[in-house]
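# Notes for the structure review
Below are the chains, spelled out letter by letter.
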Amino acid sequence: MTTTMLYPCVNACRNFASLDGLWQMQFDPKNCGMEEHWENGLPDSFSIPVPSSFADLFTEREKRDYCGDFWYETKFYLDSDDTKDVLLRFGSITHRADVYINGVKAGSHEGGFTPFVLNITDLVKYGERNRISIRINNELNETSIPCGTVKTLSDGRKIAAPYFDFFNYSGIQRSVHLVRVPKESILDYDTVITLNNDDADISYRVKTSGEHEVIAYLFDRKGNKVSECTGKEGILHVQNAHLWSTEDPYLYSIVFRIVNDDQEIDKYPAKLGIRTFEIKDGRFLLNNKEIYLKGYGKHEDFEVIGRTFNYSVAKRDFELMKWSNANCFRTSHYPYAEEWYQMADEEGILIIDEVPAVGMMRSLMNFADAKDTHFFTAPTVPELQKNHKAALEEMITRDKNHPSVIAFSIYNEPETYYQEAYDYFKPLFDYARELDPQKRPLTGAVELHSNPNTCLCYKLCDFVSLNRYYGWYLLGGPELNEAEKAFRKEMEGWKQILDGRPLIFTEFGGDTYASEHKLPSVMWSQEYQNEYYEMYFRVMDDFDFIKGELVWNFADFQTTEGIMRVNGNKKGIFTRNRQPKDAAFLLKSRWNHK
Ligand code: CKU
């Protein structure tokens, strides 16, 4: 059978077992694992939690900063069941993996932020213990996203040198599932919603691995069946549809069944929100009503757990977003764990979903040293584009049915001012439009060098997304008034060329130390963070093509070490342990009426 990215579920037809827990791990700095056949058993391993970002678990710098090959191993047991296939599903492995079952290669995957699924039915020994061995590699390069490089130290040790501003957390960072599905099963589905007055039509398509009939059902929250349709494609009519919105994130259940007369072959249930999202006359419309985007650029990042998904941290983040009257976040700079999207559907928070296309300029100092690196002329570009395309496909395939996902972001801060960049991105935008059944708006975020006079790629976007640091990286502190003037001038430029596209800010902010207060303000103080944001809001409110503001960042987060960062990026509105800085109250009050 072909693989499926559907999130695992349990019912009479299918089930799963979690393989999360303590696995075995071994670093392979000499790259001898392959030669010595570590796929048949790790010679000198230690235990490690799965899922986890391994870096911050250790007390030794060499382990935290480890870059290169490393191996994971665990065992599992399965009873035989001839009626089902066995799938091994990884929520993500960062950045690439070769997977072996009982010493036999089962598959590989490139890209650290999307799931991959291997059909291991023929590799499993039933009624016996089985071994999963994985060779993982976390090196950065210019052929895969996110981009960066590797520095080799004089003792031969490698360290990651990202062209981006977040720590290169890696390992098996998301859950692992052993999934059992019927031989003939549901592989994927998509939905497109249209509203007709009070009613809605849900056009659906289901992909299965067989030829039997499919029936689709829609149930309301109380479990009452509200619609039914037979066929692999069809329309579920919903009378008096209860719409999904940020104020009232009502979710129905959509259920697909494969049937053979009275026999149920497979069944897959999922949540479904009835909503439309589009751009019209330069405005964002959610269910035909204008919506202004308010919120954050985020990271998957927390003390000790790094980028590992944790329900409690995520719940706290959603509570803080709602407390501050935000309605949206961008998954800067990579697709997040699937549970984020499930929770956003429930909580009524909108998502701009971003592919890990970050670091597309050669910068080792958080972009301050980067400009004109002619990134898109390198011989690595065709391979990079192939991996970028695959990451896009995996993200859109995975996330296309979430009501919370309103847009896809195809890049963060590449050098968009070269024809080569346009030629690189054009096919990726075309492909994304083809892949998304809901035809969500597409965007990409750009830094200051991509401005109205230089940017060639904004024309590919349905809305323009700007990352701007007037008053921080340039014209900061005593020059804040000058920053405001320069900022206004740039906005006048965009006004001339947007041609009906809305413009939003996907980043603006300044590093702020939570313990720092000063009157009059200085950069890094809480007072300055407030003044900085007040200046931005003054300017933004004077330009009506601006339709959203996502501040940078939701919370302080870990980065690579360097003179630009004080144990991480401190632009958070909240501290890394999720307590408010003063600016949180400013945003809360503004977003209460914006
Ligand atoms: C942020 C030009 C802005 C680039 N932007 C990218 C983001 O990942 C960084 O964290 C800047 C910053 O705080 O410098």
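Computed from a predicted model, the values in this text were never measured in an experiment.

Parameters and conventions
- Residues numbered from 1 in each chain as written.
- Predicted model: local features only at pLDDT ≥ 70, side-chain atom pairs only at ≥ 80, totals over all residues.
- Heavy atoms only, no water.
- Buried < 20%, exposed > 50% of the residue type's maximum accessible area, 1.4 Å probe, protein only.
- Helix = DSSP H or I, 4+ residues; strand = E, 2+ residues; numbered from the N terminus.
- Pairing = 2+ DSSP bridges.
- Core = buried A, V, L, I, M, F, W, Y, C linked by side-chain atoms within 4.5 Å.
- Axes fitted to C-alpha atoms, helices over the stretch in contact; angles between N-to-C directions.
- Near = heavy atom within 4 Å.
- Polar contact = N/O pair within 3.5 Å; in protein donor to acceptor, adjacent residues only side chain to side chain.
- Areas by Shrake-Rupley, 256 points an atom, 1.4 Å probe, with all protein chains shown as cover.
- Nonpolar A, V, L, I, M, F, W, Y, C, P; charged D, E, K, R; others polar.

Moving on, we come to the pairing of strand E12 (residues 176-182). Across the seven residues of E12, seven count as buried, placing the element largely inside the fold. Covered by surrounding structure in E12 are Val 176, Leu 178, Arg 180 and Pro 182 together with His 177, Val 179 and Val 181, the residues of both alternating faces. Across four bridges, the pairing between strand E1 (residues 15-18) and E12 is antiparallel. Each residue of the ladder has a partner; that of Ser 18, found in E12, is His 177. Where strand E5 (residues 84-90) meets E12, seven bridges bridge the pair, whose relative direction is antiparallel. Residue pairing in the sheet places Val 86 in a bridge with Arg 180 of E12.

Attention now goes to the nonpolar core. In this structure, Tyr 296, Met 360, Phe 425, Met 491 and Trp 494 are the most contacted members of the largest nonpolar core, which totals 91 residues. Per element, the largest residue contribution to this core is eight residues, and it comes from helix H7 (residues 526-540). The next biggest cluster of nonpolar side chains, apart from the first, holds 30 residues, and it includes Ile 101, Val 124, Ile 136 and Val 176.

The subject of this paragraph is the sheet that holds strand E17 (residues 233-238). On the basis of which strands lie adjacent, the open sheet formed by three strands has the order E13-E14-E17 and antiparallel pairing. Looking along the sheet, the strands with just one partner apiece sit at the ends: strand E13 (186-196) and E17. Neighbour-to-neighbour, the strand axes of this sheet turn through a mean angle of 20°, independent of strand direction. The pairing of strand E14 (residues 199-208) with E17 spans six bridges and is antiparallel. Bridge pairing in E17 places Tyr 204 opposite Gly 234.

Another point: unusual backbone geometry. Residue His 95 is reached from Thr 94 by a cis peptide bond, and omega for that bond is 0°. Here His 95 shows up in the loop between E5 and strand E6 (96-101). Each neighbour pair has its own omega, and for Ile 145 with Pro 146 the value is -5°, a cis peptide bond. Counting through the fold element by element, Pro 146 comes out in the loop between strand E9 (129-137) and strand E10 (148-152). Phi at His 37 is positive, roughly 55°, even though this residue is not glycine.

A few words now on the site of the ligand. With respect to spatial proximity, 13 residues lie near the ligand, and among them Asp 165, His 333, Glu 413, Tyr 473 and Lys 571 are the closest. Measuring from a nitrogen atom of the ligand, one finds a side-chain N or O atom of Glu 507 at 2.7 Å. Within the side chain of Asn 569, a nitrogen or oxygen atom sits 2.8 Å from an oxygen atom of the ligand. In isolation the ligand exposes 360 Å². Once the protein is present, 97% of that is buried. Split into classes, the residues belonging to the shell around the ligand amount to five nonpolar, two polar and six charged.

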